[in-house]
Amino acid sequence: MEKYYIVDSSILPESFDRVIKARNLLQTKKVHNVSEAVKEVGISRGTYYKYKDLVFLPDEEMNDRKAVISMMLHHQQGILSKVLVDISESNASILTINQNIPIHNIATVVISLDISRLSGTIDDLIDKLSLSDSVDNVHLISIE
């Protein structure tokens, strides 16, 4: 998984802030193209393209985090219910559940979660779900 850091802007090159400003100019349509944006903020096109997908300001959208996990559940009464309780106890909110029919008494389940208020880490939740004898192959599919 990629690592992300939140750092004070005073230790970063000034060009990072300018890349963010240029991207904002483009998103708000205050300029028509990248050339105008980089000229206005005082950076090169190369600098803009090098960092445009790598530097961001923390904003309200970053508080809305989502994850998708998959697992194999034994076909026994109450197993999915136990998984849902474990997720709830970790302060994650379930967005969607997709469960396939059991084949050879094993059902594949994919759950998307809102992990904005997750207590602990996503790894802690996966470990907790894996502890059940009736839950196998718990994997993080994606995280946002």
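Cut-offs applied
- Residues numbered from 1 in each chain as written.
- Predicted model: local features only at pLDDT ≥ 70, side-chain atom pairs only at ≥ 80, totals over all residues.
- Heavy atoms only, no water.
- Axes fitted to C-alpha atoms, helices over the stretch in contact; angles between N-to-C directions.
- Helix = DSSP H or I, 4+ residues; strand = E, 2+ residues; numbered from the N terminus.
- Parallel < 35°, antiparallel > 145°, perpendicular 65-115°, else oblique.
- Left-handed = near helix turned anticlockwise from the far one by under 90°.
- Contact = heavy atoms within 4.5 Å.
- Nonpolar A, V, L, I, M, F, W, Y, C, P; charged D, E, K, R; others polar.
- Salt bridge = Lys/Arg side-chain N within 4 Å of Asp/Glu carboxyl O.
- UniProt positions renumbered as here; feature names shortened; annotations may be inferred.
- Patch = residues over 30% accessible without salt bridge, like charges linked within 9 Å, V, L, I, M, F, W, Y side chains within 5 Å.
- Areas by Shrake-Rupley, 256 points an atom, 1.4 Å probe, with all protein chains shown as cover.
- Buried < 20%, exposed > 50% of the residue type's maximum accessible area, 1.4 Å probe, protein only.
- Pairing = 2+ DSSP bridges.
- Arc of directions from axis to C-beta.

Engineer: Could you give an account of the packing of helix α1 (residues 14-27) against helix α2 (residues 34-41), naming the residues involved and the relevant values?
Structural biologist: Two elements in contact, α1 and α2, have axes whose closest approach is 9 Å; the angle formed by their N-to-C orientations is 135 degrees. It follows that α1 is oblique to α2 by the angle criterion. Our pair here, α1 against α2, has a crossing hand that is right-handed. Residues Arg18, Lys21, Ala22, Leu25 and Leu26 of α1 form the contact with α2, whose participating residues are Val34, Ala37, Glu40 and Val41. Taken together, the residues that form the contact of α1 with α2 break down as six nonpolar, no polar and three charged.

Engineer: An account of the pattern of salt bridges is needed here, citing residue identities and associated values.
Structural biologist: In this structure the tally under the stated criterion is five salt bridges. Note that Arg18 and Glu14 form a salt bridge whose closest N and O atoms lie 2.4 Å from each other. One end of the pair is Arg18 and the other is Glu14, both in helix α1 and four residues apart, which spans about a single turn. Across the pair Lys82 and Asp86 runs a salt bridge whose closest N-O atoms are separated by 3.1 Å. With a gap of four residues between them, Lys82 and Asp86 both fall in helix α4 (residues 79-89), about one helical turn apart.

Engineer: Please provide a residue-by-residue account of the UniProt feature "domain: ACT" (unreviewed entry) in the chain, values included.
Structural biologist: As recorded in UniProt, the sites labelled "domain: ACT" (unreviewed entry) are residues 68-143. Between the end C-alpha atoms of residues 68-143 the distance is 6 Å, and the span holds 26% helix and 42% strand.

Engineer: Which residues make up a nonpolar patch on the surface, and what values go with them?
Structural biologist: Together, Tyr5, Val7, Ile11 and Leu12 make up an exposed nonpolar region whose accessible area comes to about 430 Å². If you trace the backbone, Tyr5 turns up in the segment before α1. For Tyr5, a relative accessible area of 64% puts it in the exposed group.

Engineer: Please give an account of the sheet that holds strand β4 (residues 135-143) that cites residues and values.
Structural biologist: The four strands lie next to each other as β2-β3-β1-β4, forming an open sheet whose pairing is antiparallel. Two strands bound the open sheet, and with one partner strand each, they are β2 (93-99) and β4. Ignoring which end each strand starts from, the neighbouring axes of this sheet average 20 degrees apart. The pairing of strand β1 (residues 66-74) with strand β3 (residues 106-114) spans nine bridges and is classified as antiparallel. The partner of Lys66 across the bridge, within β3, is Asp114.

Engineer: Would you mind going over the packing of α4 against helix α5 (residues 122-130) in detail, with residue names and values included?
Structural biologist: Packing of α4 against α5 leaves a shortest axis separation of 10 Å and a crossing angle of 150 degrees. Here α4 lies roughly antiparallel to α5, going by the angle between them. Between α4 and α5 lies a crossing whose hand is right-handed. Between α4 and α5, the residues in contact are Val83, Asp86, Ile87 and Glu89 and Leu125, Lys128 and Leu129, respectively. A class-by-class count of the residues in the contact of α4 with α5 yields four nonpolar, no polar and three charged.

Engineer: Mind laying out α5, listing which residues take part and the relevant values?
Structural biologist: Of all the positions in α5, only Ile122, Leu125, Ile126 and Leu129 are classed as buried. When α5 is viewed along its axis, its buried side chains cluster within an angular range of 100 degrees and face the same direction. In this fold, the buried residues of α5 make contact with β1, α4, β3 and β4.

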